[in-house]
Amino acid sequence: MVASLQPADIRILAALQEDGRLSNADLAEKVGMSASSCWRRVRALEEAGAIERPGVRLNPEACGLTFQAIVHVSLVRHEMRPVEDFIRAVRARSEVQECYATTGQADYHLRVLCRDLAAYNAFLEEFLFRQPAVASAQTNMVLRAVKTRGVLPL
């Protein structure tokens, strides 16, 4: 964890959020630093966990994943073992893009991506409804994305 971000760190992080494929030389030029100083700061930000990993952002629809839903999951019991088993199972499923434990009516909220409605139905019947801790699940189909993966407000 970064104790306190310095102005140079914020410039680096903002530039990388905008374009994570910048070379170190281009990044250094963009943020007004020497290449060696920029490289050291990027490495320090990675070691501190501020930069989780460089990567590529894929378009789900272009990859054939045309069905997206937010699933509100309520658990039948809240003992440690069934909840841990549920969490472990959810983490292992590639369809589950995000999972949040929340307050409110549902215990967990999942963002699920599938090829189509039939694939989503199979996900429900062959996976989610077979989890012993799951009491119920309510699906909200995503009609269109308004905003995805915003930049962090540094």
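See the structure above.
Here the structure is a predicted model, which is why all the values come from computation and not from measurement.

Each pair of aromatic rings is reported with the distance of its centres and the angle of its planes. If you walk through the whole model with that rule in mind, you get four aromatic pairs. When the ring of Tyr120 is compared with that of Phe123, the centres are 6.1 Å apart and the planes differ by 25°; the resulting orientation is stacked. Taken together, the residues Tyr120 and Phe123, both in helix α5 (residues 117–126) and three residues apart, mark about one turn of the helix. Among the residues examined, Tyr120 registers a relative accessible area of 3% and is labelled buried. Relative accessible area serves as the criterion here: at 1%, Phe123 is assigned to the buried category. Taking 5.4 Å as the distance between ring centres and 40° as the angle between the ring planes, the aromatic pair formed by Phe123 and Phe127 counts as tilted. Across the pair, exposure class does not vary: Phe123 and Phe127 are buried alike. Joined through ring pairs, the aromatic side chains of Phe67, Tyr120, Phe123 and Phe127 make up one cluster.

The residue Glu95 is located in the loop between α4 (80–91) and β2 (96–101) in this model. Polar contacts involving the side chain of Glu95 include one to the side chain of Arg93, which spans 2.8 Å. Excluding its chain neighbours within four sequence positions, the residues that come into contact with Glu95 are Arg111, Val112, Leu113, Cys114 and Phe123.

Each value, and the rule that gives it
- Each chain carries its own residue numbering, running from 1 in the direction its sequence is written.
- At least 70 in pLDDT is required for a residue's local features to be given in this predicted model, at least 80 for side-chain atom pairs to be given and counted, and no such filter applies to totals for whole chains, interfaces and linings, which use all residues.
- Where side-chain values are given, they derive from all heavy atoms of the structure, hydrogens and water being excluded.
- The pairing test for Phe, Tyr and Trp rings, Trp by its six-membered ring, is centres within 6.5 Å, and the orientation test on the planes gives stacked under 30 degrees, edge-to-face over 60, and tilted for anything in between.
- Labels follow the DSSP assignment, with helices taken as runs of H or I lasting at least four residues and strands as runs of E lasting at least two, numbered in each case from the N terminus.
- Relative accessible area decides the class of each residue, using a 1.4 Å probe on protein chains only: under 20% of the type maximum gives buried, over 50% gives exposed, and in between gives partly exposed.
- Throughout this description, a polar contact denotes any pair of N or O atoms lying within 3.5 Å of each other; where both atoms belong to protein, one of them has to be capable of donating a hydrogen while the other can accept it, and for residues adjacent in sequence the pair is counted only when both atoms sit in side chains.
- Two residues form a contact once any of their heavy atoms are found within 4.5 Å.

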